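Below are the chains, spelled out letter by letter.
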Amino acid sequence: MKRLRDPQTGCEWDVAQSFESIAPYTIEEAHEVADAIARGDMADLKDELGDLLLQVVFHAQIAADLGHFSFPDVVTAISDKMERRHPHIFGDVAEGGHHLWEQIKAEERRAKAASGTLDGVALGLPALMRAEKLQNRAARVGFDWPDPHGARAKIDEELQEIAEAPPETLEEEFGDLLFAVVNWARHHGIDAEAALRNGNLKFERRFRAMEQEAGEGFAALDLEGKEALWQRVKRRDG
């Protein structure tokens, strides 16, 4: 990567890149890793992990070129963090567990200047995942419904606001509704991002089955015919 970004002898495309231009590729590669895992394709996973590692190297080289840090600094930082957050393994703490991990993370956030409860929840996360993380952070300081009933009532409230909303605020109200749905799922111990991902896969599987069953005549079916076909596939799919 250092050779690729050499201003005199490197690749013009690589030299021209910045943190901002590379970030979308980093996110895309992370999703492709998750896709390979979901499909159980270990050969593909090996390749995708390499692609993701390249992104880390790319960002580190850009930082080195700008005089900020280098790839070894990245490795050292994460190694130190893992040791710091596992004192029961690398230190003298008797017992560990997820509660200790979260406690140490909270202490690290408090140690940062002007650190707030919601600081550090990355903007680049998928929206459903980020909503859940924000809600979990707020819950740690007592800003949360005591049970799922309050979260469910909030959905009804948001649905009513959508029904009454003028066009210019409709997108905002739909955002509030999705946020409320994530909160309700969280109260049931459900990962909203994973739930929607599985819902997408189910829809894709059933829609492909509809197309296969109807053949070339699928597009010509009216909505009633497509719905009947959907219900048939759904019963068979379970």
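Residues numbered from 1 in each chain as written. Predicted model: local features only at pLDDT ≥ 70, side-chain atom pairs only at ≥ 80, totals over all residues. Heavy atoms only, no water.

K.L.:
In this structure, what is going on with the overall build of the protein chain? I would like to understand it.
P.N.:
Along the protein chain, the regular secondary structure elements total 11 helices and 0 strands. Its C-alpha atoms give the protein chain a radius of gyration of 24 Å, clearly above 18 Å, the size a compact globule of 238 residues would have. Pairs at least 24 apart in sequence give 44% of the contacts found in the protein chain among residues at least 6 apart. On the protein chain, roughly 16400 Å² of surface is accessible, and the fraction owed to carbon and sulfur atoms is 58%. (Helix = DSSP H or I, 4+ residues; strand = E, 2+ residues; numbered from the N terminus. Rg over C-alpha atoms; globule rule 2.2 N^0.38 Å. Contact = heavy atoms within 4.5 Å. Areas by Shrake-Rupley, 256 points an atom, 1.4 Å probe, with all protein chains shown as cover.)

K.L.:
Just checking my understanding: could you explain the side chain of Glu158 for this structure?
P.N.:
Structurally, the position occupied by Glu158 is in helix α8 (residues 148–164). A relative accessible area of 5% places Glu158 in the buried class. Other than its neighbours up to four places away in sequence, Glu158 contacts Glu173, Asp176, Leu177 and Ala180. (Buried < 20%, exposed > 50% of the residue type's maximum accessible area, 1.4 Å probe, protein only.)

K.L.:
Looking at this structure, how should I read the side chain of Gln17?
P.N.:
Inspection of the secondary structure assignment puts Gln17 in the loop between α1 (12–16) and α2 (19–39). Only 2.8 Å separates the side chain of Gln17 from the backbone oxygen of Trp13, close enough to count as a polar contact. Of note is the side chain of Gln17, whose polar atom sits 2.8 Å from the side chain of Ser21. In contact with Gln17, not counting residues within four places along its chain, are Arg5, Ile22, Phe58 and Ile62. (Polar contact = N/O pair within 3.5 Å; in protein donor to acceptor, adjacent residues only side chain to side chain.)

K.L.:
It is not clear to me how the pattern of salt bridges should be interpreted in this structure. Could you clarify?
P.N.:
Two side chains of opposite charge can pair, provided their charged atoms sit close to one another. For the structure on display, the rule yields 13 salt bridges. Here Arg186 ties to Asp144 by a salt bridge, and the two come within 2.7 Å at their closest N and O atoms. Remark: Asp144 occurs in the loop between α7 (127–140) and α8 and Arg186 occurs in helix α9 (residues 170–187); sequence separation between them is 42 residues. Relative accessible area serves as the criterion here: at 14%, Arg186 is assigned to the buried category. Among the ionic pairs, Asp237 bridges to Arg205, the shortest N-O distance being 2.8 Å. Here Asp237 is found in helix α11 (residues 223–237), whereas its partner Arg205 is found in helix α10 (residues 192–214), with 32 residues between them in sequence. Asp237 sits in the partly exposed class, given a relative accessible area of 30%. Assessed through its relative accessible area of 43%, Arg205 is described here as partly exposed. (Salt bridge = Lys/Arg side-chain N within 4 Å of Asp/Glu carboxyl O.)

K.L.:
It is not clear to me how the environment of Arg152 should be interpreted in this structure. Could you clarify?
P.N.:
Considering the arrangement of structural elements, one finds Arg152 in helix α8. Separated by 2.7 Å, the side chains of Arg152 and Asp156 make a polar contact.

K.L.:
Help me out: how do you make sense of a nonpolar patch on the surface in this one?
P.N.:
Together, Leu53, Val56, Phe71 and Val75 make up an exposed nonpolar region whose accessible area comes to about 300 Å². Those elements that provide at least two residues to the nonpolar patch are α3 (42–65) and α4 (71–85). Structurally, Leu53 is set in helix α3. Leu53 gets classed as partly exposed once you look at its relative accessible area, which sits at 48%. (Patch = residues over 30% accessible without salt bridge, like charges linked within 9 Å, V, L, I, M, F, W, Y side chains within 5 Å.)

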